[in-house]
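Structure at a glance
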Amino acid sequence: MIELPALGWQSIVIFVVFALSLLIATYCTYAERVIAAFLQDRVGPDRAGPYGLLQPLADAVKMFTKEEFFPGGANKVLFVVGPCLAMITALMSSAVIPFGNTMSFGNNLFFLQGIEVNIGMLWIFGVVSLGVYGVMIGGWASNNKFSLLGAVRAASQNISYELAMGMSLIAVLMISGTLSLREITLQQSVAGEWQVWNIVKQPLGFIIFLVCAFAETNRTPFDLPECETELVGGYHTEYSSMKLGLYLFSEYVNIFVVSAVMSVLYFGGFNFPFQYELRDWFINSQGWELNSAQNLITLLGTVGLFLKIFAFIFFFMWIRWTLPRFRYDQLMRLGWTILIPLAVFNIVLTGALILFGVI
Amino acid sequence: MHPLFLFLSFVALLSALGVVFAKNPVHSVLFLILTFFTLSGHYLLLNAQFVAAVNIIVYAGAIMVLFLFVIMFLNLNVDTEPHKPALAKMAAAVAGGSLLLILVAALKDIVPTGVAAGTPFNSQIGMVDQLGLKLYTDYLLPFELASVLFLIAMVGAVMLGKRETGERNF
């Protein structure tokens, strides 16, 4: 007997998360221009709709109606598969992120999370490590030396920074003792206890993770795979139309996912300060029922998580328009000779602090 | 049999054949990645989530990226492929055929027994916490030795990447 999994509550959550990722990525393109304009003292997009709010729509129309171009000698199948893979892997990782606590209606308890598995963190890590295939395959299939160089840069950069990223995650694992992202979130705020977010216990680990997140999403100052001063456009030199759109879009989806992961791992996820006191106040002073008070706190927590995510997305854009690009040998040196030893030191430090009962 | 199992096995066999028969080495690597994904699907069906995730991270996410990386540089195609002499092809066919014969002979009398009656079977053994307990109690020494080996490999890589005196950047 097979049950169709496509009809449950979880599928609705997954669909909403999918739609939200795309919507946020769409408006990231707008936010990027607005923030760039603000930082460079320009006006920014203001033609399409009020405050230029319809700019992403106009971009989409432009992308879809541009000529579909295949370079000579390109591998046609892989040339199309590349951008598709980039988009798929970007969208896959949000499935395990807990976007909120539980909602209860009557006797039914619902999780605001696509799938709750006890390997959530490994899933994120695995999908992030797959993200490089879209870039590599697309760059190779273009039959262009600049594309190939961009693809090769992307591959070596991702592999190098994955190591440090994985080891900064190990330190989080050591203090939480679980791979489930929901459990990690819940541990950062316990009713009636004085708990702090993981950022207080793992400041060094967070900085390592942040740097690696920039490298894994190919954002400035680590956007050497698409470095236009050296490689024309890098891996997407030959791409046009919506295939280029998918590449650019997947970068923003990646930023959204990585911001969500950082919020969950280090900044308390859907917790916010004094949430239990607020819930008790609603129950005791306002005479609410436990369920409705809990639902309200859950919704507020989801809003809080998204505020944290937006703050991180703003940070990504702020860095992009502030810092120049690294040179490639500097990038590799930073990854291998600074971040990895730092991450090992962080693991040892965390172990010692746990052993002596400090955290 | 579970239809998902049949589907995964079908894709696994097909893509494994693709690895061997694909003319283009990059296609071969991509088929191999697909094979790893179907194997991870099998692990999930066996309730071994941890092995499934680690299989994807280590094989599909790291090792195959390096494979692809090297093959992209090699510029292998039909023109540059060396033609092997007939004797080598014959020897390969004989050796492969004997290996197949040995495998069939060794496996033909096997009777799948499943779990022996009376031994308690733990369906949660593939979960992270169970696996961790097993590793850190029964297999502590080999596990720690392996981890030290990996640490040494990593330190070696960092040492290779260090700037030597008198080295220039370009």
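Before reading on, note that the structure itself is shown above.
Anyway, here's the lowdown on the structure attached to this text.

Conventions used here
- Residues numbered from 1 in each chain as written.
- Chains lettered and ligands numbered in written order.
- Predicted model: local features only at pLDDT ≥ 70, side-chain atom pairs only at ≥ 80, totals over all residues.
- Heavy atoms only, no water.
- Axes fitted to C-alpha atoms, helices over the stretch in contact; angles between N-to-C directions.
- Helix = DSSP H or I, 4+ residues; strand = E, 2+ residues; numbered from the N terminus.
- Parallel < 35°, antiparallel > 145°, perpendicular 65-115°, else oblique.
- Left-handed = near helix turned anticlockwise from the far one by under 90°.
- Contact = heavy atoms within 4.5 Å.
- Nonpolar A, V, L, I, M, F, W, Y, C, P; charged D, E, K, R; others polar.
- Salt bridge = Lys/Arg side-chain N within 4 Å of Asp/Glu carboxyl O.
- Buried < 20%, exposed > 50% of the residue type's maximum accessible area, 1.4 Å probe, protein only.
- Buried area = accessible area lost by both parts, 1.4 Å probe.
- Polar contact = N/O pair within 3.5 Å; in protein donor to acceptor, adjacent residues only side chain to side chain.

So, the packing of helix H11 (residues 241-266) of chain A against helix H13 (residues 290-320) of chain A
A pair of packed helices is captured by two measures, namely the crossing angle of their axes and the spacing between those axes. Residue and element names in this part refer to chain A. It is the contact of H11 with H13, at a shortest axis distance of 8 Å, that shows an interaxial angle of 125 degrees. Of the possible angle classes, the one that applies to H11 and H13 is oblique. Of the two possible hands of crossing, H11 and H13 adopt the one that is right-handed. Note on element contacts: H13 touches H11 through Leu 305, Phe 306, Lys 308, Ile 309, Phe 312, Ile 313, Phe 316, Met 317 and Arg 320, opposite Tyr 252, Ile 255, Phe 256, Val 258, Ser 259, Ala 260, Met 262, Ser 263 and Val 264. Residues that form the contact of H11 with H13 fall into these classes: 14 nonpolar, 2 polar and 2 charged.

Remarks on the pattern of salt bridges
Tallied over the entire structure, the rule returns 8 salt bridges over all chains. Arg 33 of chain A serves as the salt-bridge partner of Asp 59 of chain A, at 3.0 Å between the closest nitrogen and oxygen. Here Asp 59 of chain A, found in helix H2 (residues 55-65), pairs with Arg 33 of chain A, found in helix H1 (residues 9-39); they are 26 residues apart in sequence, far enough to count as distant. Among the residues examined, Asp 59 of chain A registers a relative accessible area of 17% and is labelled buried. A relative accessible area of 35% means that Arg 33 of chain A is categorised as partly exposed. Asp 109 of chain B is the salt-bridge partner of Lys 108 of chain B, the closest N and O atoms lying 3.3 Å from each other. Assessed through its relative accessible area of 58%, Asp 109 of chain B is described here as exposed.

With respect to the interface of chain B and chain A
In this complex, chain B contributes 34 residues to the contact, which on the side of chain A involves 33 residues. A combined buried area of about 2,800 Å² lies between chain B and chain A, and 78% of that area is made up of carbon and sulfur atoms. When the buried area of chain B at its contact with chain A is split by residue, Ile 57, Met 72 and Met 154 of chain B rank highest and sum to 21% of it. If you look at where chain B meets chain A, you find 0 salt bridges. The tally of links between chain B and chain A comes to 2 residue pairs in polar contact (both at pLDDT 80 or more). Elements that contribute at least two residues to the side of chain B that touches chain A include exactly helix H2 (25-45), helix H3 (49-74) and helix H6 (140-161) of chain B. If one sorts the elements of the side of chain B that touches chain A by residue count, H3 of chain B sits on top with 16 residues. Residues of the side of chain B that touches chain A, tallied by class, amount to 25 nonpolar, 6 polar and 3 charged.

These figures come from the coordinates and say nothing about function on their own.
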